[in-house]
Amino acid sequence: MSEYLQSFILGNAAILTNVCILPLYPGLLAYMAANANHEKSQNAMKWMGLLVLLGVLSMMVLVGGLLFAFQQSFGAILPILLPTIYGVVILLGLLMLSGRNPFNRLQMVQTPALRNPYIGAYVYGLLLGPMTLPCAGPVILSAFLLGTNSAADLADGLIYFLFFGLGFGWPLVLLPFLAVTFQRQLIGWTTKHYKLLTRVSGTLLVVIGFVGIYVELLPQL
């Protein structure tokens, strides 16, 4: 049990020390703001953080499994992955700074599944998953490498990764539950200050993107 606790603590440390985890938080705030005025989404509000986190973790397990299957390391794909991820983060931030919330589009998609707020939140997490790979990717890949010995080792490695994910993701789960307590005030506030919230989230994303480039990319040049 101590190794799982250690994994959870490492996940907590990743919130502040790994810049590729940080976009999850302004991203979730922007997503909640985009959904605040939709009646169906209001009912699902408290579960949004959990579903987003499940989407993130699902995508990471999928990518880790594919890399293992094709015998590729994260080191081999990082030169392509990092510029793409931070470019997307900065682009999203710039869109939001201009007053446009790209997360509104998930509500506008006419696919019945995506119009379901629970599925929409999970899909949103899937879309965010690749952003976290530079930070958490080695952990999930290690789980698959350990799993070559036996199914029990694979299960143990995946549980270790799950605790790591809960470590960096528990604030995502908590934020919407806190928001539900003040739901009426939140909806009124986001309606009144929607552009401000969008621009603040955009500013955070742009800053995180450039910090990521400075910390992760420039030292490799």
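Note: the structure precedes this text.
Residues numbered from 1 in each chain as written. Predicted model: local features only at pLDDT ≥ 70, side-chain atom pairs only at ≥ 80, totals over all residues. Heavy atoms only, no water.

Trainee: Help me understand the nonpolar core in this model?
Mentor: Note that soluble globular proteins tend to have their nonpolar side chains buried in a common cluster. Within the largest apolar cluster, 48 residues are counted, with the highest numbers of intra-cluster contacts made by Ile-21, Leu-24, Val-52, Met-60, Leu-128 and Phe-168. No other element matches helix H8 (residues 117–146), which puts 12 residues into this core. Every residue in contact with Leu-24, bar those within four places of it in the chain, is listed here: Val-56, Leu-128, Thr-132, Phe-168 and Leu-172. (Core = buried A, V, L, I, M, F, W, Y, C linked by side-chain atoms within 4.5 Å. Buried < 20%, exposed > 50% of the residue type's maximum accessible area, 1.4 Å probe, protein only. Helix = DSSP H or I, 4+ residues; strand = E, 2+ residues; numbered from the N terminus. Contact = heavy atoms within 4.5 Å.)

Trainee: Help me understand the packing of aromatic side chains, please; the structure alone is not making it clear to me.
Mentor: Aromatic rings considered in pairs are described by the distance between their centres and by the relative angle of their planes. Taken as a whole and judged by the stated rule, the model has 2 aromatic pairs. Here the aromatic rings of Tyr-4 and Phe-163 are separated by 5.1 Å at their centres, their planes lie at 10°, and the arrangement is stacked. Taken together, the residues span a long stretch of sequence, with Tyr-4 in helix H1 (residues 2–17) and Phe-163 in helix H9 (residues 151–181) at a distance of 159 residues. For Tyr-4, a relative accessible area of 14% gives the class buried. For the ring pair Phe-164 and Phe-168, a centre distance of 5.7 Å and an interplane angle of 75° mean the geometry is edge-to-face. Here Phe-168 and Phe-164 lie together in helix H9, a separation of 4 residues that amounts to about one turn. Judged by its relative accessible area of 0%, Phe-168 is buried. (Phe/Tyr/Trp six-rings, centres within 6.5 Å; stacked < 30°, edge-to-face > 60°.)

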